[in-house]
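What follows is the residue order along each chain.
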Amino acid sequence: MERDRLEEFNHWWISGKVDEELALPFKRDIYTKIEKHLNKRFITALVGLRRIGKTTIMYQIIQELIEADTNKTNILFFSFDEVSAKLNEVLEKYKEIHNKDLREEKIYVFLDEIQKCNGWENELKKYYDLYPKLKFIISGSESLFIRKKTKETLAGRIFEFILSPFTFREYLKFNKIEENEFKYETKIKPFFNKFAEKGGFPETFSLETDKDFKEYIGALVVDKIVYKDIPRMFKLDDPEFLRVLLELISSNPGMYIDYQSLSKQFGKDRRVIKDYINYLKESFLISLLGNYRKGSITTLRKKKRAYPADNALTYLYKPKIEEDFFGRMIETLAVNKLKASSFWKNGGEIDIIYNGAPIEVKYQEKINSGEFKTIKEFMKKFNKKDGLILTKNEEKEIKFEEGVIKLIPVWKWLLKD
Ligand SMILES: Nc1ncnc2c1ncn2[C@@H]1O[C@H](COP(=O)(O)OP(=O)(O)O)[C@@H](O)[C@H]1O
Ligand SMILES: [Mg+2]
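Cut-off values and rules
- Residues numbered from 1 in each chain as written.
- Chains lettered and ligands numbered in written order.
- Predicted model: local features only at pLDDT ≥ 70, side-chain atom pairs only at ≥ 80, totals over all residues.
- Heavy atoms only, no water.
- Helix = DSSP H or I, 4+ residues; strand = E, 2+ residues; numbered from the N terminus.
- Contact = heavy atoms within 4.5 Å.
- Polar contact = N/O pair within 3.5 Å; in protein donor to acceptor, adjacent residues only side chain to side chain.
- Domains from an automatic or database assignment.
- Buried area = accessible area lost by both parts, 1.4 Å probe.
- Salt bridge = Lys/Arg side-chain N within 4 Å of Asp/Glu carboxyl O.
- Nonpolar A, V, L, I, M, F, W, Y, C, P; charged D, E, K, R; others polar.
- Pairing = 2+ DSSP bridges.
- Axes fitted to C-alpha atoms, helices over the stretch in contact; angles between N-to-C directions.
- Phe/Tyr/Trp six-rings, centres within 6.5 Å; stacked < 30°, edge-to-face > 60°.
- Buried < 20%, exposed > 50% of the residue type's maximum accessible area, 1.4 Å probe, protein only.
- Lys NZ or Arg CZ within 6 Å of the ring centre and 35° of its normal.
- Parallel < 35°, antiparallel > 145°, perpendicular 65-115°, else oblique.
- Core = buried A, V, L, I, M, F, W, Y, C linked by side-chain atoms within 4.5 Å.

**Q** Could you give an account of the environment of Trp12, with specific residues and numbers?
**A** Following the sequence through the fold, Trp12 ends up in helix α2 (residues 12-15). Between the alpha carbons of Trp12 and Leu76 there is a distance of 9.6 Å; along the sequence they are 64 residues apart. Not counting residues up to four positions away in its chain, the partners in contact with Trp12 are Lys17, Val18, Tyr59, Ile62, Ile66, Lys72, Ile75 and Phe77. In this structure the side chain of Trp12 is engaged in a polar contact, spanning 3.3 Å, whose partner is the backbone oxygen of Ile75.

Have a look at this one:
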């Protein structure tokens, strides 16, 4: 490890502040929670898709530490994204440069894209256990706990914040809409339509043309993850097939994953399909929902449904978005907001079961009485007294024998906590 390299990463040692292009002024909603976690001894981990703002949050925290009079040489940042290095090389060099005793001083150590550092789990554990005054803040673009080994090594030492692309609320704030304006439909709706269509990657907000948008998401998000990140983590033969699966899921949000038929369609072993889908999930590109379980399990019940992690992915692959397809993208928004893990299918189908309550997306002009059938069936069967329908415009509560069904426009619902 060269001294120059570390100094390049840690400009504040010399300048006394973080460059403004790095510590951007806009703070994400999760920021305060992360900041509070700094007082804990636990390793703070920020994980989530590429290009959603993990590194930016690290820089924002560094800037605030400096503003709060933390000695600027007690803050160390290193990114494994572009440079291959060992953790102990980094820390040893740091000690040498500043003549620090890691046992004596509180030192904040930011390790970006740590999953790229081979054997990071054991090294980190060693430092964590030996030097209680070190505070580690780490980030990763894949789930850091993918490997069983990581769990075993770092269990009880680490706390993970899972970051998503920008939420609708953040998107509005980023676009300088104040919270007290959130209730005005005519003001919010145009933003909603754009957000629902193109998703929450912050750098895309200012891209003007479709071509720029698609190039950005295609090259900097999808290609990087599919051709570089995932193959580095897992041994796999055919990264292109990862992309094919991602395209399939992104162009069919909510599709049922039928390993058998996918296996036939692509001439690949079922286990391969299963593994690849799992890689997409562990790198946060898709979410998988299972059929809500209570009652008998049939083959059909075992099929999962898959959604892309963000509508940017759907927009990337879909040449034209028709009105009724848009409803599927709204489903994606709801699934991702809730980090939902179940749907329900039993003849009829309910998009999301969340905390045991049914949620359906019906993005259409009018909802007819016949469309309450499945949700009522669910409520009756599971003795659940409340259901929710996310609508385009309608807002009301309807009382039935089975309980109360609330209708709420999805743009409004997205802005609730
Ligand atoms: N809080 C923010 N405000 C404005 N833009 C942001 C913010 N966070 C991220 N971005 C934009 O997104 C880009 C990617 O963010 P970055 O922090 O590098 O993501 P990650 O580390 O998750 O890959 C940044 O270069 C910046 O343009
Ligand atoms: Mg980063």
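**Q** For the domain arrangement of the chain, give the residues involved together with the corresponding values.
**A** One widely used convention gives an interface's size as the accessible area the parts lose upon coming together. Segmenting the chain into domains produces domain 1 (3-163) and domain 2 (170-414). For domain 1 versus domain 2, the distance between C-alpha centres works out to 32 Å. The partner domain 2 presents 22 residues to the 18 residues of domain 1 that form the contact. Between domain 1 and domain 2 the total buried area reaches about 2,000 Å² when both faces are included, carbon and sulfur atoms providing 62% of it. Taking the shortest distance from any N to any O, the salt bridge between Arg28 and Glu170 comes out at 2.8 Å. The interface formed by domain 1 and domain 2 contains six residue pairs in polar contact (both at pLDDT 80 or more). Looking at the side of domain 1 that touches domain 2 residue by residue, the classes come out as seven nonpolar, four polar and seven charged.

**Q** So, the sheet that holds strand β2 (residues 75-79): which residues are in play, and what are the values?
**A** Here five strands make up an open sheet; going across it, the order is β2-β3-β4-β1-β5 and the pairing parallel. Both edges of this open sheet fall to β2 and β5 (158-162), since each of them pairs with a single strand only. Ignoring which end each strand starts from, the neighbouring axes of this sheet average 15° apart. Across five bridges, the pairing between strand β3 (residues 107-112) and strand β4 (residues 134-140) is parallel. By the bridge assignment, Leu111 is partnered in β4 with Ile138. Lying over the sheet, helix α6 (residues 120-130) contacts β1 (43-47), β3 and β4, oriented at roughly 160° with respect to β4.

**Q** How would you explain the sheet that holds strand β7 (residues 286-291) if you had to name every residue and give the values?
**A** Reading across from one edge, β6-β8-β7-β9-β10 is the order of the five strands in this open sheet, with mixed pairing throughout. The sheet is open, and its two edges are formed by β6 (255-257) and β10 (348-350), each paired on a single side. The sheet shows a mean angle of 30° between the axes of neighbouring strands, taken without regard to direction. The pairing of β7 with strand β8 (residues 304-308) spans four bridges and is classified as antiparallel.

**Q** How would you sum up the packing of aromatic side chains? Please name residues and give values.
**A** Evaluated as defined, the whole model comprises 33 aromatic pairs. The interplanar angle of 45° and the centroid separation of 6.4 Å between the aromatic rings of Phe192 and Tyr363 together place this pair among those described as tilted. Placement of Phe192 in helix α9 (residues 185-198) and of Tyr363 in the loop between β12 (357-362) and α17 (373-381) is noted, with a sequence separation of 171 residues between them. Residue Tyr363 is classed as buried on the basis of its relative accessible area, which comes to 11%. Counting every residue linked through ring pairs, the aromatic cluster contains Phe26, Phe166, Phe168, Tyr171, Phe174, Phe191, Phe192, Phe195, Phe205, Phe326 and Tyr363. In this structure, Arg41 is placed above the aromatic ring of Tyr128, and the distance from its NZ or CZ to the ring centre is 3.9 Å. Cation over ring: Arg305 sits above Phe343, and NZ or CZ is 5.6 Å from the ring centre.

**Q** Go over the packing of helix α12 (residues 259-266) against helix α13 (residues 270-282) with me, naming the residues and quoting the values.
**A** Packing of α12 against α13 leaves a shortest axis separation of 8 Å and a crossing angle of 105°. Looking at the two axes, α12 sits roughly perpendicular to α13. Between α12 and α13, the contacting residues are Tyr259, Gln260, Leu262 and Ser263 on the first element and Arg270, Ile273, Lys274 and Ile277 on the second. Along the lines of polarity and charge, the residues of the contact of α12 with α13 split into four nonpolar, two polar and two charged.

**Q** Any chance you could break down the nonpolar core for me, citing the residues and the numbers?
**A** One broad trend across soluble globular proteins is that nonpolar side chains are buried collectively. Ranked by size, the top nonpolar core spans 94 residues in total, and within it Phe110, Leu111, Leu124, Ile138 and Ile217 carry the most contacts. With nine residues, helix α10 (residues 210-233) is the single largest residue contributor to this core. Looking at which domains feed residues into this core, each of domain 1 (3-163) and domain 2 (170-414) gives three or more. Look past the residues within four positions of Leu111 in its chain and what remains in contact with it is Met58, Phe78, Phe80, Leu87, Leu124, Phe136, Ile137, Ile138 and Ser139. Phe325, Ile330, Val335 and Leu415 belong to the second-largest nonpolar core, a separate cluster that totals 35 residues.

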